[in-house]
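A look at the structure
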Amino acid sequence: MREVMILLLAIFTLTSCTNDDDSTIDSQIIGEWKLMKAEIVNFSQNPNTIYYSNKNIIYNFKSNGKLVVSGGGNLEYPDGEYDYFFGNDYLGGTNDPRILLVKINNTKWTYNLTDGEMKLGQSYVDGPDLFFKRK
């Protein structure tokens, strides 16, 4: 009888476990982010920085996969609503490793979160890097 109880307890414990990795990953980006600056990296020229910290440009990543941009014009996305994906995907082809990235309307951005500052980057293809602070 004791072995049956241990077996049932083990089965119950294993089947009640859930994988919360996706919700943990999603919580990193969901919410309002203030655009602070954009760095335009062009390998043939010196980097150019556009500062937005004196403006109130907000990127609101919602849990339903919608991004709402508000607060005026900026380098990449005018005010409006966009589809986004946040998760592991191929940056290049399927021979490349899958990395954590953001796709906004199918445009891929590298993702980095350090000390409350989020960086969405396209400098890997001579594009801009956008820097945000959580609002």
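Treat the numbers as computed from the prediction; the structure is a model and nothing was measured. (Residues numbered from 1 in each chain as written. Predicted model: local features only at pLDDT ≥ 70, side-chain atom pairs only at ≥ 80, totals over all residues. Heavy atoms only, no water.)

This part takes up the overall build of the protein. A tally of helices and strands in the protein yields two helices and nine strands. Of the regular secondary structure in the protein, the N- to C-terminal order runs α-α-β-β-β-β-β-β-β-β-β. Burial statistics for the protein: of 135 residues in total, 29% are counted as buried. Just so you have it, the protein exposes about 8,500 Å², and 52% of that area is on carbon and sulfur atoms. (Helix = DSSP H or I, 4+ residues; strand = E, 2+ residues; numbered from the N terminus. Buried < 20%, exposed > 50% of the residue type's maximum accessible area, 1.4 Å probe, protein only. Areas by Shrake-Rupley, 256 points an atom, 1.4 Å probe, with all protein chains shown as cover.)

In this section: unusual backbone geometry. Outside of glycine, negative phi angles account for most residues, and trans bonds account for most peptide bonds. Here Asn-105, not a glycine, exhibits a phi torsion of approximately 50°, which is positive. With respect to the secondary-structure elements, Asn-105 resides in the loop between β6 (98-104) and β7 (107-114).

Close approach of charged atoms lets side chains of opposite charge pair. Overall, the coordinates contain four salt bridges when judged by the stated rule. Residues Lys-103 and Asp-89 are paired through a salt bridge, measuring 2.9 Å at the closest nitrogen-oxygen approach. In this pair, Lys-103 sits in strand β6 while Asp-89 sits in strand β5 (residues 80-90), placing the two residues 14 residues apart along the sequence. Summarising the burial analysis for this pair, Lys-103 and Asp-89 share the class buried. The shortest N-O distance in the salt bridge between Lys-119 and Asp-129 comes to 3.7 Å. A residue pair is termed long-range when its members are at least 10 positions apart, and Lys-119 in strand β8 (residues 117-121) and Asp-129 in strand β9 (residues 128-134) qualify at 10 residues. On the accessibility criterion, Lys-119 (30% relative accessible area) is partly exposed. Residue classification places Asp-129 among the buried residues on the basis of a relative accessible area of 3%. (Salt bridge = Lys/Arg side-chain N within 4 Å of Asp/Glu carboxyl O.)

Quick look at the confidence of the model for the protein now. With 79% of its residues at a pLDDT of 70 or more, the protein has an overall mean of 83. Long-range and interchain partners of residues 4-22, a stretch whose pLDDT sits below 50, account for zero contacts in this model, where long-range means more than four residues apart. (pLDDT = per-residue confidence, 0-100. Contact = heavy atoms within 4.5 Å.)

Before going further, it helps to spend a moment on the environment of Arg-98. With respect to the helices and strands, the residue Arg-98 is situated in strand β6. In this structure Arg-98 comes out as partly exposed when scored by relative accessible area, which is 48%. Separated by 11 residues in the primary sequence, Arg-98 and Gly-87 place their C-alpha atoms 9.3 Å from one another. Non-local contacts of Arg-98, meaning those with residues more than four positions away in its chain, are made with Asn-88, Asp-89 and Tyr-90. Reaching out from Arg-98, the side chain makes a polar contact with the backbone oxygen of Asn-88 at a distance of 3.1 Å. (Polar contact = N/O pair within 3.5 Å; in protein donor to acceptor, adjacent residues only side chain to side chain.)

The next thing to look at is the pairing of strand β1 (residues 31-40). Two faces, one strand: in a regular strand the side chains alternate between the faces of the sheet. Across four bridges, the pairing between β1 and strand β3 (residues 58-61) is antiparallel. Its bridge partner being in β3, Glu-32 is matched across the sheet by Asn-60. Inspection of the sheet shows β1 paired to β9 by seven bridges, in the antiparallel sense. Residue pairing in the sheet places Glu-39 in a bridge with Asp-129 of β9. (Pairing = 2+ DSSP bridges.)

Moving on: the environment of Gly-72. By the secondary structure assignment, Gly-72 is in the loop between β4 (66-70) and β5. The residues contacting Gly-72, other than those within four sequence positions of it, are Ile-57 and Asp-79.

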